[in-house]
Amino acid sequence: MAWLLVVVAGLLETGFAICLKLSHGFTRLWPTIAFACFAIGSFGLLTLALRRLDVGPAYAVWTGIGAAGTAIYGMVFLGDLVSTLKIVSITLVIVGVIGLQLSGSSH
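Just so it is clear, the structure is predicted and the values come from calculations on it, not from any experiment.

Right, let's get into the packing of helix α1 (residues 2-22) against helix α2 (residues 29-49). Look at α1 against α2: their axes get within 8 Å of each other, and the N-to-C directions meet at 160°. By the angle between their axes, α1 is roughly antiparallel relative to α2. Seen from above, α1 lies across α2 with left-handed handedness. In contact with A2, L5, V6, V8, A9, L12, E13, G15, F16, C19, L20 and L22 of α1, α2 contributes P31, A34, F35, F38, A39, G41, S42, F43, L45, L46, L48 and A49. Among the residues forming the contact of α1 with α2, the class breakdown is 20 nonpolar, three polar and one charged.

Put into structure tokens, the structure is as follows:
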């Protein structure tokens, strides 16, 4: 259950990163509100998960999901540059996240 919280928190991290960009420096109201909601949700779920998980692997999985999700969203929906190196790098992040999740770091 704790790992599920980390995964959802990572997806919410993707949401807050995207909303941060869309807020244009907190000058647009609705993306700013969405950013705050996603951020509170993400940090809240990560906090709950850390009651049962080691901080290193949990934090790495959280940031990996957020980074990969944000990069993929940017390429698909925001016109970010797509390159072979970027896709390979995102794949390596995802493989690392899976490896850390499987490392059995729960108490």
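When the UniProt feature table is mapped onto this chain numbering, "transmembrane region" (unreviewed entry) sits at residues 33-50, 57-78 and 84-102. Across residues 33-50 one finds 94% helix and 0% strand; the C-alpha atoms that close the span lie 26 Å apart. Helix makes up 95% of residues 57-78 and strand 0%. Its end C-alpha atoms lie 30 Å apart.

Attention now moves to the nonpolar core. Grouped together as the largest cluster of nonpolar side chains are 17 residues, with contacts concentrated most on V6, L53, V61 and W62. Secondary-structure elements contributing two or more residues to this core are α1, α2 and α3 (55-77). Looking at this core, the element that brings in the most residues is α1, giving seven residues. Beyond its immediate sequence surroundings of up to four residues, W62 is in contact with V6, A9, G10, E13, F16, S42, F43 and L46.

At a minimum axis distance of 11 Å, the contact between α2 and α3 shows a crossing angle of 155°. Between α2 and α3, the angle is such that the two are roughly antiparallel. Along this stretch, α2 crosses α3, giving a crossing that reads as right-handed. Between α2 and α3, the contacting residues are S42, F43 and L46 on the first element and A58, Y59 and W62 on the second. Residue composition of the contact of α2 with α3, grouped by class: five nonpolar, one polar and no charged.

Calculation rules
- Residues numbered from 1 in each chain as written.
- Predicted model: local features only at pLDDT ≥ 70, side-chain atom pairs only at ≥ 80, totals over all residues.
- Heavy atoms only, no water.
- Axes fitted to C-alpha atoms, helices over the stretch in contact; angles between N-to-C directions.
- Helix = DSSP H or I, 4+ residues; strand = E, 2+ residues; numbered from the N terminus.
- Parallel < 35°, antiparallel > 145°, perpendicular 65-115°, else oblique.
- Left-handed = near helix turned anticlockwise from the far one by under 90°.
- Contact = heavy atoms within 4.5 Å.
- Nonpolar A, V, L, I, M, F, W, Y, C, P; charged D, E, K, R; others polar.
- UniProt positions renumbered as here; feature names shortened; annotations may be inferred.
- Core = buried A, V, L, I, M, F, W, Y, C linked by side-chain atoms within 4.5 Å.
- Buried < 20%, exposed > 50% of the residue type's maximum accessible area, 1.4 Å probe, protein only.

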